[in-house]
Amino acid sequence: MTVDSSAASKPRRSAAGKAGTTGTKRTTRTTAKKSVEPELVQLLTPEGKRVKNAEYDGYVAGITPDELRGLYRDMVLTRRFDAEATSLQRQGELGLWASLLGQEAAQIGSGRATREDDYVFPTYREHGVAWCRGVDPTNLLGMFRGVNNGGWDPNSNNFHLYTIVIGSQALHATGYAMGVAKDGADSAVIAYFGDGASSQGDVSEAFNFAAVYNAPVVFFCQNNQWAISEPTEKQTRVPLYQRAQGFGFPGVRVDGNDVLACLAATKWALERARTGEGPTLIEAYTYRMGAHTTSDDPSRYRHDDERASWEAKDPILRLRRYLESGNHADEGFFAELEAESEALGKRVREVVRAMPDPDDFAIFENVYADGHALVDEERAQFAAYQASFADAEGGN
């Protein structure tokens, strides 16, 4: 079954609404468009109730209680790691951090749908997917501390390095998928990006190449409602998943806070890719509970009541309710997981604090292969600036 997305009809002022005041015909069309609310695939309600879906039930029909507990564990530990990283940034141990708070189901559900031989292209927020691919969480933090340019070998886990340039990984994934097809492999590729990246030309180009060449790639868009401070309705006149239609391949919107729906839809899309049916766009309709990054202040552009409405749809609480109602987990399981969570937090703190401080002058390296006079001048200016602090301290 599909259910209406109540959050999609929030009374925000949109560009479409403003345009509708210019003429009767345009107002009529805009009103008609708004009256048809997008639907989304949901298998688990916010209250933890399992709902039937003829199209997607088969992809999770054989899931065991142990696997359900595994999904819950994945989400809890990913959230704990994310919270610890945020705290470490506030303590000055990291230069920046991009939290995934609220997006655990979208990442764990889709990440657990991949096979070992599939290849993943993330953005910079896919900490849960990295967890599913076996990347040690502490390896994610070196780049945010400024001591390396990644921290792991992408070929060890088929998990590419984080991509800071918005949307470019969609093209990388498409090109890689085209190569997979030419090699005759039956693996698939999945590219992650956010609603903001969907406005980038790179993403549209990736859609076009993937469709024309029937590339075995899944485009997984985590629509967390806000591209930093811009709401989704200022980026698109239609639901994001419908963009796939214009390029000639299917798109689907899933409840991004429902780990089972994300798991099922991604399995379906990856299966399509592996069997030669081409690309798919999945829009995981979720919410960014925290700031865009630790340099952002979301209180400047969104209201607390909006966050409160999404807290009621919390992905972890939702699955816990399902586990408890079905007697799939007892208090002993939750207690052990809490202890494991605290141990993970402690390990992350210890590893990060043992990392070296960033090299102040590393920023000037590798800008040009053979050096450059302007870079040399800037390095000298920075060295003089740094030395001025030592001189001031010596004078005191």
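These notes cover the structure that comes with them. (Residues numbered from 1 in each chain as written. Predicted model: local features only at pLDDT ≥ 70, side-chain atom pairs only at ≥ 80, totals over all residues. Heavy atoms only, no water.)

Moving on, we get to empty space enclosed by the protein. Taken as a whole, this structure holds one cavity of 30 Å³ or more when the rule is applied. In this structure, the largest cavity spans a volume of roughly 40 Å³. Taken together, Thr-78, Phe-81, His-127, Ala-130, Trp-131, Val-135, Pro-137 and Leu-140 make up the lining of the largest cavity. For the lining of the largest cavity, the leading source of residues is helix H5 (residues 127–132), giving three residues. Partitioning the lining of the largest cavity into residue classes produces six nonpolar, two polar and no charged. (1 Å grid on protein atoms, 1.4 Å probe; cavity = no way out; pocket = protein on both sides within 12 Å on 5 of 7 lines; lining within 4 Å. Points joined across faces, edges and corners; volume = space filled by probe spheres on them. Helix = DSSP H or I, 4+ residues; strand = E, 2+ residues; numbered from the N terminus. Nonpolar A, V, L, I, M, F, W, Y, C, P; charged D, E, K, R; others polar.)

What follows concerns the side chain of Gln-222. Structurally, the position occupied by Gln-222 is in strand S5 (residues 217–223). Within the local environment of Gln-222, its side chain forms a polar contact with the side chain of Glu-126, the two groups lying 2.6 Å apart. Excluding residues that lie within four positions of it along the chain, Gln-222 makes contacts with Gln-103, Ala-106, Gln-107, Glu-126, Tyr-192, Phe-193, Gly-194, Asp-195 and Ala-284. (Polar contact = N/O pair within 3.5 Å; in protein donor to acceptor, adjacent residues only side chain to side chain. Contact = heavy atoms within 4.5 Å.)

Listed as buried for helix H13 (residues 315–325) are Pro-315, Ile-316, Arg-318, Leu-319, Tyr-322 and Leu-323. For H13, the arc enclosing every buried residue in end-on projection is 160°, short of the 170-degree limit, so these residues lie on one face. Along its buried surface, H13 packs onto helix H3 (65–90), helix H4 (104–111), strand S8 (251–255) and helix H11 (259–274). Its side-chain oxygen placed 2.9 Å from the backbone nitrogen of Ile-316, Asp-314 serves as the N-cap of H13. Backbone geometry just downstream of H13 places Asn-327 in the positive-phi region, at approximately 55°. (Buried < 20%, exposed > 50% of the residue type's maximum accessible area, 1.4 Å probe, protein only. Arc of directions from axis to C-beta.)

Along any regular strand the residues' side chains alternate between the sheet's two faces. Among the seven residues of S5, seven are classified as buried, and the element is accordingly described as predominantly covered. Burial of the side chains of S5 extends over both faces: Val-217, Phe-219, Cys-221 and Asn-223 are buried on one face and Val-218, Phe-220 and Gln-222 on the other. Note that strand S4 (residues 189–194) and S5 share six bridges and pair parallel. Along S5, the bridge assignment pairs Ala-191 with Phe-219. Chirality of the crossover, the property in question, places the unit of S4, helix H9 (residues 201–212) and S5 among those that are right-handed. (Pairing = 2+ DSSP bridges. Right-handed = clockwise from strand over helix to strand, strands pointing away.)

Our focus in this paragraph is H3. In this model H3 runs 38 Å from its N-terminal to its C-terminal C-alpha over 26 residues, within 8% of the 38 Å that 1.5 Å per residue would give. In the stretch just after H3, Gly-92 is the one whose phi turns positive, near 85°. (Expected span 1.5 Å × (residues − 1).)

In this structure, Asp-297 sits in the loop between strand S9 (280–285) and helix H12 (304–311). For Asp-297, a relative accessible area of 37% puts it in the partly exposed group. Along the primary structure Asp-297 and Ser-229 are separated by 68 residues, whereas in three dimensions their C-alpha atoms are 9.1 Å apart. At 2.6 Å, the side chain of Asp-297 and the side chain of Ser-299 are in polar contact.

Orientation of H3 relative to helix H14 (residues 331–354), taken along the N-to-C sense of each, is 35°, at an axis distance of 9 Å. Classified by chirality, the crossing of H14 by H3 is right-handed. Counting all contacts with H3, which are made through Arg-69, Tyr-72, Arg-73, Val-76, Leu-77, Arg-80, Phe-81, Glu-84 and Leu-88, the residues of H14 involved are Phe-333, Phe-334, Leu-337, Glu-340, Ser-341, Glu-342, Leu-344, Gly-345, Val-348, Arg-349, Val-352 and Arg-353. Here the residues of the contact of H3 with H14 sort into eleven nonpolar, two polar and eight charged. (Axes fitted to C-alpha atoms, helices over the stretch in contact; angles between N-to-C directions. Left-handed = near helix turned anticlockwise from the far one by under 90°.)

Our next topic: a nonpolar patch on the surface. Taken together, the side chains of Phe-209, Val-212 and Tyr-213 define a hydrophobic patch exposed on the protein surface, amounting to about 340 Å² of accessible area. Checked against the element boundaries, Val-212 lands in helix H9. (Patch = residues over 30% accessible without salt bridge, like charges linked within 9 Å, V, L, I, M, F, W, Y side chains within 5 Å. Areas by Shrake-Rupley, 256 points an atom, 1.4 Å probe, with all protein chains shown as cover. Salt bridge = Lys/Arg side-chain N within 4 Å of Asp/Glu carboxyl O.)

A word on the environment of Gly-278. By the secondary structure assignment, Gly-278 is in the loop between H11 and S9. Exposure remark for Gly-278: the relative accessible area of 1% places this residue in the buried category. For the pair Gly-278 and Asn-214, spaced 64 residues apart in the sequence, the C-alpha separation amounts to 4.4 Å. Discounting residues that sit within four places of it in the chain, Gly-278 has contacts with Asn-214, Ala-215, Val-217, Arg-272 and Ala-273.

Right, let's get into the side chain of Asn-224. Take Asn-224: it is sitting in the loop between S5 and strand S6 (226–227). Those residues in contact with Asn-224 that lie beyond four places of it in its chain are Gln-103, Arg-125, Asp-195, Thr-286, Tyr-287 and Arg-288.

To continue, consider the packing of aromatic side chains. Applying the stated criterion to the full structure yields 28 aromatic pairs. The interplanar angle of 35° and the centroid separation of 6.3 Å between the aromatic rings of Phe-361 and Phe-364 together place this pair among those described as tilted. Relative accessible area serves as the criterion here: at 28%, Phe-361 is assigned to the partly exposed category. For Lys-313, the ring lying beneath its charged end belongs to Trp-310, and the centroid distance is 4.1 Å. For the cation-ring pair, Arg-320 lies above Phe-334, with the distance from its terminal atom to the ring centre recorded as 3.7 Å. (Phe/Tyr/Trp six-rings, centres within 6.5 Å; stacked < 30°, edge-to-face > 60°. Lys NZ or Arg CZ within 6 Å of the ring centre and 35° of its normal.)

Before going further, it helps to spend a moment on the nonpolar core. In terms of nonpolar packing, the biggest core is built from 66 residues, with Tyr-72, Leu-141 and Leu-319 touching the most fellow members. Here the element with the most residues in this core is H11; it accounts for eleven residues. The residues touching Leu-141, leaving out its near neighbours within four places in the chain, are Phe-81, Ala-85, Leu-94, Trp-97, Val-348, Val-352 and Met-355. Formed by 23 residues, the second largest nonpolar core is a distinct cluster that contains Phe-121, Ala-191, Val-217 and Phe-219. (Core = buried A, V, L, I, M, F, W, Y, C linked by side-chain atoms within 4.5 Å.)

Of note in the backbone geometry, Asn-214 takes a positive phi value of approximately 50° without being a glycine. Tracing the backbone shows Asn-214 in the loop between H9 and S5. Judged by its relative accessible area of 36%, Asn-214 is partly exposed.

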